[in-house]
Amino acid sequence: MSEHLRRRTRPLIGAALLAALAWWYPVEAFTDAFVSLDGRTLFAASAIGLVTTVLCAARWILVARGVGLHLPWVRAVGDYYRAILLNAVLPSGILGDVHRALGHGRYAGDLPRGVRAVVLERAAGQVVLAATGAILLFTLPAALLGPGLLTVAASLALPALVAAAVGAGLLFTRRHHTRRRHALAAAIADARAGLFTATTGPGVLVSSVAALAGHVTLFLVAAHATGVTAPLSTLVPLAVSALVAMSVPAGIGGWGPREAVAALTFGTAGLGSATGLTVSVLYGLLALVAALPGVVVLLWRLRPVEHVQIPGEGLGQGRQQVTPLVRRGARR
């Protein structure tokens, strides 16, 4: 199967899962998620989203600065909000990160290293999520062990695919063997500097675990809003399993696999599969609410560029210069 066909097929899998769930479950399993939205839940989603986004941006800053790139806090948080928004509304769930990687690479003046920094940052979070899922998997009912292991393995496909694509680009887009070798050496060196030094490693790990805790908390908020009263020892593994499914590179902004797995795990845990579907749908809505500041960032970055005419010595000798407020490539 060609890569072009795979890119088109993955969103269709998520759409097919949602269609199957809509056909199998009553419409109330979906509408109850909208009914559960209230002011306190929306405020909690926005606050949790802010904390989680700042933690993810901190992880990105650590990796970027570890590989030698300049990345201010304001830009990192803004770009991460925009990436989360684009990931939530566009197919495949990574297009926002692609945009973030290219934008930072151009901003920092080193496009390949900017892309590698985002790949490493996303891979770190994905590995922590998959490892947590694998650990908590054994607290789920025995009937979910096989499907759970498959879901955890599939969730690792995203960083593996991205890393493979970057590696292939490094190996096959260069004409000379020496350049290929230097490019591969640079990628390995960036991985060590961005993830495995005494300066970056602990911070990346702590921020990844804390960001995951934020996502789990948002899922618990969704469960509470829908009336689920199960203890945390039951809900946390269910939340992590849904998040692992959400990270599988098949779906539309995470929708589809997350709802299917939530319905399966909640049903097996005795909480009702329709309840799991409602909680997952509400989580998706709250995650979208948490990403809404990305709209402001997106509109701000799309402002028209203002030009100022700088007079020269004679007629027609003036030149145009972009005002400092709207320079996109300059360092802050």
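The paragraphs below set out a description of the structure included in this document. This structure is a prediction, so every number in the text was calculated from the model and none was measured. (Residues numbered from 1 in each chain as written. Predicted model: local features only at pLDDT ≥ 70, side-chain atom pairs only at ≥ 80, totals over all residues. Heavy atoms only, no water.)

Re a nonpolar patch on the surface
Part 1 of the reasoning: A surface patch of nonpolar side chains, amounting to about 380 Å² of accessible area, comprises Leu292, Val295, Leu299 and Leu302.
Part 2 of the reasoning: Assignment of secondary structure puts Leu302 in the loop between helix 14 (293-301) and strand 1 (307-310). (Patch = residues over 30% accessible without salt bridge, like charges linked within 9 Å, V, L, I, M, F, W, Y side chains within 5 Å. Areas by Shrake-Rupley, 256 points an atom, 1.4 Å probe, with all protein chains shown as cover. Salt bridge = Lys/Arg side-chain N within 4 Å of Asp/Glu carboxyl O. Helix = DSSP H or I, 4+ residues; strand = E, 2+ residues; numbered from the N terminus.)

Some points on the pattern of salt bridges
Part 1 of the reasoning: The tally for this structure, following the rule as stated, stands at 9 salt bridges.
Part 2 of the reasoning: Taking the shortest distance from any N to any O, the salt bridge between Glu121 and Arg59 comes out at 2.7 Å. In this pair, Glu121 sits in helix 6 (residues 111-136) while Arg59 sits in helix 3 (residues 39-66), placing the two residues 62 residues apart along the sequence.
Part 3 of the reasoning: By relative accessible area, which is 5% here, Arg59 ends up buried.
Part 4 of the reasoning: A salt bridge links Arg100 to Glu121, with the nearest nitrogen and oxygen atoms 2.9 Å apart. With Arg100 in helix 5 (residues 95-108) and Glu121 in helix 6, the pair connects residues that are 21 residues apart, well separated along the chain. (Buried < 20%, exposed > 50% of the residue type's maximum accessible area, 1.4 Å probe, protein only.)

Regarding the environment of Pro91
Part 1 of the reasoning: Topologically, Pro91 is positioned in the loop between helix 4 (73-89) and helix 5.
Part 2 of the reasoning: Residue classification places Pro91 among the partly exposed positions, given a relative accessible area of 36%.
Part 3 of the reasoning: It is 4.5 Å that separates the C-alpha atoms of Pro91 and Ile252, two residues lying 161 residues apart in sequence.

A closer look at the packing of aromatic side chains
Part 1 of the reasoning: All told, the structure shown has 4 aromatic pairs when counted by the stated rule.
Part 2 of the reasoning: Residues Phe219 and Phe266 carry aromatic rings whose centres are separated by 6.4 Å and whose planes lie at 50 degrees to one another, so their mutual orientation is tilted. Taken together, the residues span a long stretch of sequence, with Phe219 in helix 10 (residues 201-225) and Phe266 in helix 12 (residues 257-268) at a distance of 47 residues.
Part 3 of the reasoning: Taking the centre distance of 5.6 Å and the plane angle of 50 degrees together, the rings of Phe219 and Tyr283 count as tilted. With Phe219 in helix 10 and Tyr283 in helix 13 (residues 273-290), this residue pair connects regions lying 64 residues apart in the sequence. For the pair formed by Phe219 and Tyr283, the shared burial category is buried.
Part 4 of the reasoning: In this structure an aromatic cluster arises from ring pairing among Phe219, Phe266 and Tyr283. (Phe/Tyr/Trp six-rings, centres within 6.5 Å; stacked < 30°, edge-to-face > 60°.)

Topic: the packing of helix 4 against helix 5
Part 1 of the reasoning: Orientation of helix 4 relative to helix 5, taken along the N-to-C sense of each, is 150 degrees, at an axis distance of 7 Å. In this view, helix 4 runs roughly antiparallel relative to helix 5, as classed from their interaxial angle. For the element pair helix 4 and helix 5, the recorded crossing hand is right-handed. Contacts from Arg75, Asp79, Tyr80, Arg82, Ala83, Leu86 and Asn87 in helix 4 reach Leu95, Gly96, Asp97, His99, Arg100, Gly103 and Tyr107 in helix 5.
Part 2 of the reasoning: Looking at the contact of helix 4 with helix 5, its residues break down into 5 nonpolar, 4 polar and 5 charged. (Axes fitted to C-alpha atoms, helices over the stretch in contact; angles between N-to-C directions. Parallel < 35°, antiparallel > 145°, perpendicular 65-115°, else oblique. Left-handed = near helix turned anticlockwise from the far one by under 90°. Contact = heavy atoms within 4.5 Å. Nonpolar A, V, L, I, M, F, W, Y, C, P; charged D, E, K, R; others polar.)

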